Amino acid sequence: VLGKAAKVTVINRDEGRAVELVERIRSHARVTELEALAADASACTGAVSAADLVVNATPVGMADSQTPFSVEWIRSGQIVCDMVYRSTPTALVTAAEAAGAHAVGGLGMLVAQGATAIDIWGEGMQNRAPRDVMRAAAEAAMAANAEAGGQP
């Protein structure tokens, strides 16, 4: 994946942790430029606005309407992936759609990870894990949890 990206920027509240992750992926980056930034507005504005793909890998937005960065930095044409999964769209997904970006919520990734784990552990099984059934079950469970007063 990194082989096709011209640049990958890792942003973290703790710049040291961003640097650590960049160093861990450096050997896989080939010709990809890597950058580590602290999560402050002056550093992040340009990085988020210039990105073709923005991925939120934080829990921000899981239980509230916060976003991990200013939604004003999102632009039309971007892909914004919020790894947070909920029964309702996160504020980041909603803002990305409003800005004309292609927004992707985290439920699909959660289901795919679980299904892939089942496929790996069930090696030799006739059928792959039923992703559509798993997604429907996850959506139903999240909706029931939200109705019971849990997270949205």
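Right above here is the structure, for reference.
None of these values were measured; they are calculated from a predicted model.

S.K.: Go over a negative patch on the surface with me, naming the residues and quoting the values.
M.R.: On the surface, a cluster of negative charge is contributed by D14, E15, E20 and D40. By secondary structure assignment, the location of E20 is in helix 1 (residues 15-25). Relative accessible area serves as the criterion here: at 47%, E20 is assigned to the partly exposed category.

S.K.: Talk me through the side chain of D82; I want residue IDs and the actual numbers.
M.R.: By the secondary structure assignment, D82 is in strand 4 (residues 79-82). For the buried residue D82, which engages in no salt bridge, the nearest side chain bearing the opposite charge is R86, 7.6 Å off. With residues near it in sequence (within four places) discarded, D82 still touches N56, T90, L92, V93, V104, G105 and G106.

S.K.: Tell me what's going on with the environment of V104, and back it up with residues and numbers.
M.R.: Topologically, V104 is positioned in strand 5 (residues 102-104). With relative accessibility at 30%, the residue V104 sits in the partly exposed group. Dropping the residues within four chain positions of it, V104 is found in contact with V80, C81, D82 and V93.

Here is what the cut-offs are and how they apply
Residues numbered from 1 in each chain as written. Predicted model: local features only at pLDDT ≥ 70, side-chain atom pairs only at ≥ 80, totals over all residues. Heavy atoms only, no water. Patch = residues over 30% accessible without salt bridge, like charges linked within 9 Å, V, L, I, M, F, W, Y side chains within 5 Å. Areas by Shrake-Rupley, 256 points an atom, 1.4 Å probe, with all protein chains shown as cover. Salt bridge = Lys/Arg side-chain N within 4 Å of Asp/Glu carboxyl O. Lys, Arg positive; Asp, Glu negative; His and termini not counted. Charge placed at Lys NZ, Arg CZ, Asp CG, Glu CD. Helix = DSSP H or I, 4+ residues; strand = E, 2+ residues; numbered from the N terminus. Buried < 20%, exposed > 50% of the residue type's maximum accessible area, 1.4 Å probe, protein only. Contact = heavy atoms within 4.5 Å.

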